[in-house]
Each structure stands twice: as structure tokens, then as C-alpha cells.
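This is what each chain is made of:
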Amino acid sequence: MCRVLIFGGTTEGRILAEYCHEKKIYAWVSVATGYGRSVLLESQYLHIHEKPMTAHEMEGFIGKNGITLVLDATHPYATLASENIRTACNHTGTSCIRIVRESSEDLKPGDQGEGTVLWVSDLEEAVLSLQKIPGNILVTTGSKELSAFTKLDSWEERVFARVLPGLSVISACEQLGVKGKHLIAMQGPFTAEMNRAMIRQYDISCLVTKEAGHAGGFPEKMEAAAECGITAVVIGRPGKEEGMTVREAKKLLSDYKEEKAQSQAMPELQIRTEKRTVSLIGTGMGGEDQMTVKAWKELQQCDVIFGAERMLSGISPAVPRAVKIPFYTSKDILPCLDAHEEYARIGILYSGDTGFYSGTKKMAEALAREPYCQRYDTVVLPGISSVSYLCSRLKTDWEDVRLVSLHGRTCDIIKELTLNPRVFALLDGTNTVKSLCRLLKEQGFHEVRLSVGERLSYPDERITVGTPEELEGQDFDRLSAVLIER
């Protein structure tokens, strides 16, 4: 169960995430960008939230996922993010620890080499200082604050920006007007040798940086600036921070895991004496009121519920007690259950009906094997299938309909249609309505009737009926369902 939430996107966040993986500690890691996610390990113990959150959204996330410990490992200059994190934790009564980065202010090398170090309090002061310094400028403060440097005279020729190599970052810089050789998209931190090479390559007279500590490569920047005899404009940290170092946070995580294990020792001994219950639950099409009453009653009794994030989001307000974990395959769920025997009643959500091309089959097979069949009683609670729902909306039966799936599968749809007067198929991004219509026309099935269902049960549901000729030119959702009738 994920009780730990790390706000990362930094070296410290990555190190703590890797520590959780190493020590088998389940943790959420929140990053604001796809690039922040890309540098994290792929691990069954790490669950990534890739989207910036407001304080209100953080509060909801903490409550929804049962978080009891938050580690704020955001950048030292991300003051708004840290403020939002503290606010969310205060409102939810959650323990919050700020991860502090080692300071490098003792490294002020104003008297080293021929370089000059100019310390400023903020970005605005840095830009004012640069107005008095001629020559090219290497900006290493990040892409989000790059627009401030466009106030400089001849900034298009003078400013060279070193930013992260994410597509969104590069696109934002180019829209601002920083592009070509003036845009250096590379992942740091960099060695002093690499910094010296860039300073010389672009004939830099001034380097702008934040006092980002050892993790941010600050000493190496200062060393290179001093050796090259250029000015370093350093934006000091917002203020003295209280918190833990990465090393101290690792110890906290280790103690936290041990404390949880001890507090759960007695319940585990009791739970081991009897089987736990796993309910495989069909959620129907996904719209409101699509689950059976029995399924809802079972969810109310669950200690933990697994499923895709969109399904968990849909039930969270109605089932606040259970812990929600966004796993939906046996390779992720079963190890998690092994690690958390305090969960006596378990729910696993599947879209549609549990018996119609559902992930329920593989999960049920896994639970039927040793040693899981000795540990769990499995219950299957069916939902409303796409075929029954679509046929009900068309006011027709489906007792003589041949059921097939083209969703990630291969099927000779022409053969099926030759042998059966009515065929129902699930489609995907490759086997689309357009490609199906084209195939039917090529094989001489010009007069068949297709009933295409999109976003079934949702407010924007659409059902379209027509021949292949009539529907081929229209756009449909890639996950459509279709009833074909000769």
C-alpha cells in the first residue's frame, strides 16, 4: 500500500525513489513533467503521478490514496510548490518533511582565478545586473524563468539558454524566440570541464545560475567561470530552510517501513489463519450507475481496491474508506497483496462485463494457481457488457449475435460475417470503423448495416447507423463497438 508520497523532479527526489525501490517500500512519486518521469526507475514499488497539482488537488490526492507521509523534495527555488505541499498536508493532518539541499554558499569563489562573482537576491536583480555586463550570457536557471532575460538589449544575440531536453521545454523556448545554437538542450548536472567547453564554444562573458548546491552542479559551474575568467551572477536561495537531508530521509523511510511492519504484525497473524476474499468486479461501460447493487455493496466492504485510475476516480467519493491502488494486472497486484496481508477484503475493477474479453480471466487463472488458491477465495461479480448495452439502446436482442474482438486481436471478420447474419465487434486504434468499412466494401458487403457505439453510457454517448459507404468518411472514437447485420 502506498502511504508515502514524494514530490520530486529533482536529484533528491530521484535518489529517494530509487531507495524506495531498493528497500521495497511502496511510494507515490509526483513529478510535473514527462521528463521528470523519464529519469525515474520502472518499478512495481513506485507509482508515478505525472501532472502539476494545486494545493487543493494535492489535498484530494493525499486523502484519496491514504497518504500518511509526504516528502517535499522539490527544487529549492520552487517556493510556490513547497507552500502548496505544506498547505495540503496541514489541511489533511499529514506528516510533511522538507528535503533540504546542501548549500554551497561557502563556495563563493570571488577571489579564485580571474572571475568575478556577483550574488543577487532574485531574478529581477540578476537581469538588472546583466544590463551593465557586455558580451554573451549563458543562462542555466531553467526554462520557466527564461522570459525575464528577453528584457535585455540585443537578447536574441546575447542569450544562450541551457535547458532540459524535453519536447515541451524545447517547444516553449522556441516560442519565446530562443532557438538554434542559442538553445542548448542537455541533461545535467555537468562537470567543470563540460562547463568550460560551453563557455569557450559560445564565447560566454557571463554565466547566470542559481545556488543549487552540489546536486545541481553549482560548484562545477563556479569553478568553470573562475577558470575562464568570466562573471558569475548567482541568484541566492529564497531563505534558510528547515528539514532533512537525503541521508536523513533515507533513515526516516527505513524506520517508517519497520514501524509499519511492527504495527501490522498482530493483524497479520490473525489474517493468516483464514483465506482472504478477492472480488473481481465488472464496472459496466464506465458511466454513472453502471455497476450492480451487489457490486457496490461489496466495494463498501473492501479494505483495498485495485483498478485503472479512471475507474478508481469514479468510485472514490462513494467508497472513501478503502485504499485505492492503480494496478490492474496480476504481476503488480499479487506481490502487493503478499506485502500487505492486513487487506482481508480486496476488490479489483474491470471495465465492461467480467466474462466478455475482460482482464478478469487472467486474474482468475492466477488466483486459481498455487499458492494463491490456498490464500484467497475468489468471487466474480459481472457487469454490463458493451454488447448487451448497445443492443438494448438499439432495442434489439443479441441471442443470435456472433461476438468477436478486434481490440488488440486478430479476427477474420469477413469469414465471421459469411457464417453469421449478425456480428458484434470491439474495435481499437488499428482496427477502426474506417478500415472496417473499407474492408466490407472491398469484399462486396456493400449493403450491411453497421451500428457504431461510441462512449457508451457517458453523457456524450453517440450511436450511428449506416452502410459502409455512408460511414467510411466519418470520424469515430478509436474504442468504438459495432454491430454488423446482413
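Owing to the predicted nature of the structure, the values given are computational and were not obtained by experimental measurement.

We now examine the layout of surface pockets. Which parts of space are left empty comes out when a probe the size of a water molecule is rolled across the atoms. A volume near 1,400 Å³ is recorded for the second largest pocket. Lining the second largest pocket are 39 residues, and of these Arg 310, Ser 351, Gly 352, Tyr 357 and His 407 lie nearest its centre. Elements supplying a minimum of two residues to the lining of the second largest pocket: helix H13 (309-315), strand E15 (345-350), helix H15 (360-368) and strand E19 (449-454). Tallying contributions element by element places H15 first for the lining of the second largest pocket, with three residues. Its residues placed into classes, the lining of the second largest pocket shows 15 nonpolar, 16 polar and eight charged.

The next subject is the sheet that holds strand E13 (residues 304-306). Pairing between the strands of a sheet is mediated by backbone hydrogen bonds and can be parallel or antiparallel. Strands sit in the order E14-E13-E15-E12-E16 across an open sheet of five strands; the sheet is parallel. Both outer strands of the open sheet, strand E14 (323-325) and strand E16 (376-381), are each paired with one neighbouring strand and no more. Sheet twist, expressed as the average angle between the axes of neighbouring strands with direction ignored, equals 20 degrees. Here three bridges tie E13 to E14, and the two strands are oriented parallel to one another. Paired with Phe 306 across the strands is Ile 325, a residue of E14.

With that settled, the discussion passes to helix H17 (residues 386-393). All of the buried residues along H17 are Ser 386, Val 387, Tyr 389, Leu 390 and Cys 391. Looking at the buried positions of H17, the neighbouring elements they touch are strand E17 (402-405), strand E18 (422-426), E19, strand E20 (462-466) and strand E21 (481-485). Just past H17, the residue Lys 395 takes up positive phi, approximately 60 degrees.

Let us look at the nonpolar core. Ranked by internal contacts, the top residues of the largest apolar core, which has 25 residues, are Leu 130, Phe 149, Leu 152 and Val 233. Here the element with the most residues in this core is helix H5 (residues 123-130); it accounts for four residues. Look past the residues within four positions of Leu 152 in its chain and what remains in contact with it is Val 127, Leu 130, Gln 131, Ile 137, Arg 158 and Val 159.

With the rule as written, the count across this model stands at 21 salt bridges. The residue Asp 397 makes a salt bridge to Arg 422 at a minimum N-O spacing of 3.4 Å. Of the two residues, Asp 397 sits in the loop between H17 and E17 while Arg 422 sits in strand E18, which places them 25 residues apart along the sequence. Here the salt bridges share partners, and the residues they tie into one network are Asp 397, Asp 400, Arg 422, Arg 449 and Glu 485.

Moving on, we get to the pairing of strand E4 (residues 69-72). Burial along E4 is two-sided: the face carrying Leu 69 and Leu 71 and the face carrying Val 70 and Asp 72 are both buried. Alignment of strand E1 (residues 4-7) against E4, held across four bridges, turns out to be parallel. Counterpart to Phe 7 in the pairing with E4 is Asp 72. Two elements, E4 and strand E5 (residues 95-98), share four bridges in a ladder whose sense is parallel. Following the sheet pairing, Leu 69 is matched in E5 by Ser 95. For the crossover from E4 across helix H4 (residues 79-92) to E5, the handedness is right-handed.

As summarised here, the arrangement of the five strands in space is E3-E2-E1-E4-E5, forming an open sheet in which the pairing is parallel. This sheet does not close on itself; its edge strands, each paired only once, are strand E3 (46-50) and E5. Sheet twist, expressed as the mean angle between neighbouring strand axes with direction ignored, is 20 degrees. Taken strand by strand, helix H1 (residues 11-22) contacts E1, strand E2 (27-31), E3 and E4, and its axis lies near 150 degrees from that of E1. Set on the sheet, H4 makes contact with E1, E4 and E5; between it and E4 the angle comes to about 170 degrees.

Counting all residues, the mean pLDDT for the chain is 86, and 92% of those residues have values of 70 or more. Across residues 105-114, where pLDDT falls below 50, the model places 13 contacts with residues more than four positions away in sequence or in other chains. In this model residues 265-273 is a low-confidence stretch, pLDDT under 50, and it forms six contacts with partners more than four residues away in sequence or in other chains.

Moving on: the environment of Gly 347. For Gly 347, the position within the fold is in strand E15. Taking C-alpha positions, Gly 347 is 4.8 Å from Ser 279, a pair spaced 68 residues apart along the chain. Here Gly 347 is in contact with Ser 279, Cys 302, Val 304, Ile 305 and Phe 306, once residues within four sequence places are set aside.

The next point concerns the packing of helix H8 (residues 192-201) against helix H9 (residues 218-228). Where H8 contacts H9, the two axes come as close as 8 Å, and the packing angle between them is 45 degrees. The orientation of H8 relative to H9 falls into the category oblique. H8 and H9 meet at a crossing whose hand is right-handed. Facing Ala 192, Asn 195, Arg 196, Ile 199 and Arg 200 of H8, the residues of H9 in contact are Glu 220, Lys 221, Glu 223, Ala 224, Ala 225, Glu 227 and Cys 228. Residue composition of the contact of H8 with H9, grouped by class: five nonpolar, one polar and six charged.

Definitions and cut-offs
Residues numbered from 1 in each chain as written. Predicted model: local features only at pLDDT ≥ 70, side-chain atom pairs only at ≥ 80, totals over all residues. Heavy atoms only, no water. 1 Å grid on protein atoms, 1.4 Å probe; cavity = no way out; pocket = protein on both sides within 12 Å on 5 of 7 lines; lining within 4 Å. Points joined across faces, edges and corners; volume = space filled by probe spheres on them. Helix = DSSP H or I, 4+ residues; strand = E, 2+ residues; numbered from the N terminus. Nonpolar A, V, L, I, M, F, W, Y, C, P; charged D, E, K, R; others polar. Pairing = 2+ DSSP bridges. Axes fitted to C-alpha atoms, helices over the stretch in contact; angles between N-to-C directions. Buried < 20%, exposed > 50% of the residue type's maximum accessible area, 1.4 Å probe, protein only. Contact = heavy atoms within 4.5 Å. Core = buried A, V, L, I, M, F, W, Y, C linked by side-chain atoms within 4.5 Å. Salt bridge = Lys/Arg side-chain N within 4 Å of Asp/Glu carboxyl O. Right-handed = clockwise from strand over helix to strand, strands pointing away. pLDDT = per-residue confidence, 0-100. Parallel < 35°, antiparallel > 145°, perpendicular 65-115°, else oblique. Left-handed = near helix turned anticlockwise from the far one by under 90°.

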